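Structural characterization, general
Here are the chains, one letter per residue:
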Amino acid sequence: MDGMLSQDEINALLTGMDAPADDGDTGMEDTSASGGLEPDESLLTEYEKDAVGEVANISMGSSATTLFSIVNRKVDISTPTVTLAVWKNVLDEYEKPCVFIQIKYTQGLDGSNILVLKEHDVKVITDLMMGGDGSNTDGELGELHLSAISEAMNEMMGSSATSLSTMLGKMIDISPPEASLIDLTAFKSGGDIAAFLEGTFVKIAFRMQIDDLVDSSIMQLYPIDFAKEIYDTFINNQGGDSPAAPAPAPAPAPAPAPQQAAPQMDMSQMGMPQMAPQMDMSQMGMPQMGMPQMQMMPQMGMPQMQMMPQMQMPPNMNIQPVQFQNFSNDFNPMQSQENIELIKDVPLEVTVELGRTTKSISDILDFAPGTIIELDKIAGEPIDVLVNGKFVAKGEVVVIEESFGIRVTEIIK
């Protein structure tokens, strides 16, 4: 009948529903390829996360200072947030193409990590490095951008390695970073980029601000083993072990039994006058300085004379105000001449500067034999003479036999 299914077709459909679904046919996500939908939180303790965050905070702080010197703009990097993540978490946060910068440690630490930057942030940083104002972010990210950001990361992570060396107490060095433009949507598994991205890894998130040009997040990805190595090195350098659970408070010690007070002796029975416990010398008209202090012996109850050292002024000390020799305004030319004679044979570097100009990195990369560079000097204008970098005179170019020379025309005072 039209529109009706036969019994054989119905049986075939029921059989198909009972059969296991094929992930390749249904398009369902294979969680084994990405290490599961959720990270394994048992791989790293809270103490280890705190130690890794502290190390990352100090290293990225020094990196921010270096980036400031590179782009000449105010750079702020927030306190890091350390979490465990899987590849799916990275896909959710970075959907567009981004730049993966792989940093390998060659000394002090065994392992590598990946720094992830957004494409727009890389364009802003490289434009600032080339002398721009950070607004030239049009066009695609090319080899020039990747080369420039690799050089910036090399200096930043180099200063970070120096900070880690001081913090961890041993020499740490890195290899030159490698930057790549990655389209995350083209990878179903992070293992295709780096082996440790196959399962659970450590994600350290920062907020980076560069003036009003950049306000976004960057992150570092650590292997679990590398994070544990940082934690162990950090703890060992601090001279302690891993924090343990607090021990129960000890039971309070029993109060000491009161000691029996020594019997007081009546001095009048011994034929000695009884002395007061405390003697006020001022009431007796005697100065207190230099007098012996009375101290009772706990065993005998007898007074003991004990001399205490006192600060006393030595007798007959002659104290006078200091007198300084008056400075004279008289100038001795002979003395000055002798001092100059001592340094007359010191060599100085004399430089003749024809002119200067400013070029961007892209212009310098285009230099070739035959390139003409225009200077800021007009033809016929006096040129500058510098001694050890200090402007001292002006002059004109002359030819002495087969060499160039300079005729001084003006001395700068």
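None of these values were measured; they are calculated from a predicted model. (Residues numbered from 1 in each chain as written. Predicted model: local features only at pLDDT ≥ 70, side-chain atom pairs only at ≥ 80, totals over all residues. Heavy atoms only, no water.)

A separate point is helix α6 (residues 143–168). When the terminal C-alpha atoms of α6 are compared, their 35 Å separation across 26 residues agrees well with the 38 Å that a helix rising 1.5 Å per residue should span. Among the residues trailing α6, Gly169 stands out with phi positive, at a value near 75 degrees. (Helix = DSSP H or I, 4+ residues; strand = E, 2+ residues; numbered from the N terminus. Expected span 1.5 Å × (residues − 1).)

As a further point, take the pairing of strand β4 (residues 111–118). With six of eight residues buried, β4 lies mostly within the body of the structure. Two elements, strand β3 (residues 98–107) and β4, share eight bridges in a ladder whose sense is antiparallel. Along β4, the bridge assignment pairs Lys104 with Ser112. Here β3 hands over to β4 after three residues, with Gly108 in that stretch at a positive phi of 90 degrees. Across three bridges, the pairing between β4 and strand β8 (residues 214–222) is antiparallel. Its bridge partner being in β8, Leu115 is matched across the sheet by Gln220. (Buried < 20%, exposed > 50% of the residue type's maximum accessible area, 1.4 Å probe, protein only. Pairing = 2+ DSSP bridges.)

Take the side chain of Thr137 next. Within the secondary structure, Thr137 is located in the loop between α5 (119–129) and α6. Every residue in contact with Thr137, bar those within four places of it in the chain, is listed here: His120, Lys123 and Val124. (Contact = heavy atoms within 4.5 Å.)

Leaving glycine aside, a negative phi is the common case for residues, and trans is the common case for peptide bonds. Despite not being glycine, Asn72 has its phi angle at roughly 55 degrees, a positive value. Mapped onto the secondary structure, Asn72 falls in the loop between α3 (46–71) and β1 (75–77). Unusually for a residue other than glycine, Asp211 sits at a positive phi of about 45 degrees. The topology assignment puts Asp211 in the loop between β7 (201–210) and β8. Judged by relative accessible area, Asp211 falls into the partly exposed class, the value being 38%.

Looking at soluble globular proteins, one finds that nonpolar side chains tend to be buried together. Within the largest apolar cluster, 52 residues are counted, with the highest numbers of intra-cluster contacts made by Leu67, Ile101, Ile149, Val202, Ile204, Met208 and Ile210. The element that contributes the greatest number of residues to this core is α6, accounting for nine residues. Excluding anything up to four places from it in sequence, Ile149 contacts Ile101, Leu117, Val122, Ile125, Thr126 and Ala179. Membership of the second largest hydrophobic core comes to 16 residues, among which are Ala85, Tyr94, Phe201 and Leu221. (Core = buried A, V, L, I, M, F, W, Y, C linked by side-chain atoms within 4.5 Å.)

Turning our attention to the environment of Ala85. Inspection of the secondary structure puts Ala85 in strand β2 (residues 81–85). A relative accessible area of 1% means that Ala85 is categorised as buried. Counting along the chain gives 119 residues from Ala85 to Ile204, while the straight-line C-alpha distance between them is 9.6 Å. Once residues within four sequence positions are removed from consideration, Ala85 is found in contact with Pro39, Gly199, Thr200, Phe201 and Lys203.

This paragraph deals with the pattern of salt bridges. Pairing between side chains becomes possible if they bear opposite charge and their charged atoms approach one another. Here the structure, examined in full by the defined rule, presents eleven salt bridges. Note that Lys377 and Asp384 form a salt bridge whose closest N and O atoms lie 3.4 Å from each other. For Lys377, a relative accessible area of 23% translates into the label partly exposed. Here the residues in one salt-bridge network are Glu41, Glu46 and Lys49, joined through shared partners. (Salt bridge = Lys/Arg side-chain N within 4 Å of Asp/Glu carboxyl O.)

Look at helix α7 (residues 224–237): 20 Å from first C-alpha to last across 14 residues, which is about the 20 Å you get at 1.5 Å a residue. Of the positions making up α7, those classed as buried are Ile224, Phe226, Ala227, Ile230, Tyr231, Thr233, Phe234 and Ile235.

The next thing to look at is the side chain of Ser59. Examined against the element boundaries, Ser59 turns out to sit in helix α3. Of the residues examined, Ser59 reaches a relative accessible area of 5% and is grouped as buried. Reaching out from Ser59, the side chain makes a polar contact with the backbone oxygen of Ala56 at a distance of 3.0 Å. Contacts of Ser59, omitting those with residues within four sequence positions, involve Ser160 and Leu164. (Polar contact = N/O pair within 3.5 Å; in protein donor to acceptor, adjacent residues only side chain to side chain.)

A few words on the sheet that holds strand β12 (residues 383–387). Taking strand neighbours across the sheet as the criterion, the four strands line up as β11-β12-β13-β14 in an open arrangement whose pairing is antiparallel. Strands with a single pairing partner mark the edges of an open sheet, and in this sheet they are β11 (350–353) and β14 (403–411). Neighbouring strand axes in the sheet, compared pairwise and without regard to direction, differ in orientation by 40 degrees on average. One ladder, built from eight bridges, connects strand β13 (residues 390–400) with β14; its direction is antiparallel. Residue pairing in the sheet places Gly395 in a bridge with Val408 of β14. (Axes fitted to C-alpha atoms, helices over the stretch in contact; angles between N-to-C directions.)

What follows concerns the packing of aromatic side chains. Evaluated as defined, the whole model comprises three aromatic pairs. Look at Phe196 and Phe201: their rings are 6.3 Å apart centre to centre, the planes differ by 85 degrees, and that puts the pair in the edge-to-face class. As far as the burial class goes, Phe196 and Phe201 line up, both buried. Centroid distance Tyr222 to Phe226: 5.2 Å. Interplanar angle 85 degrees. Geometry classified as edge-to-face. Like Phe226, Tyr222 is buried. Counting every residue linked through ring pairs, the aromatic cluster contains Tyr105, Tyr222 and Phe226. (Phe/Tyr/Trp six-rings, centres within 6.5 Å; stacked < 30°, edge-to-face > 60°.)

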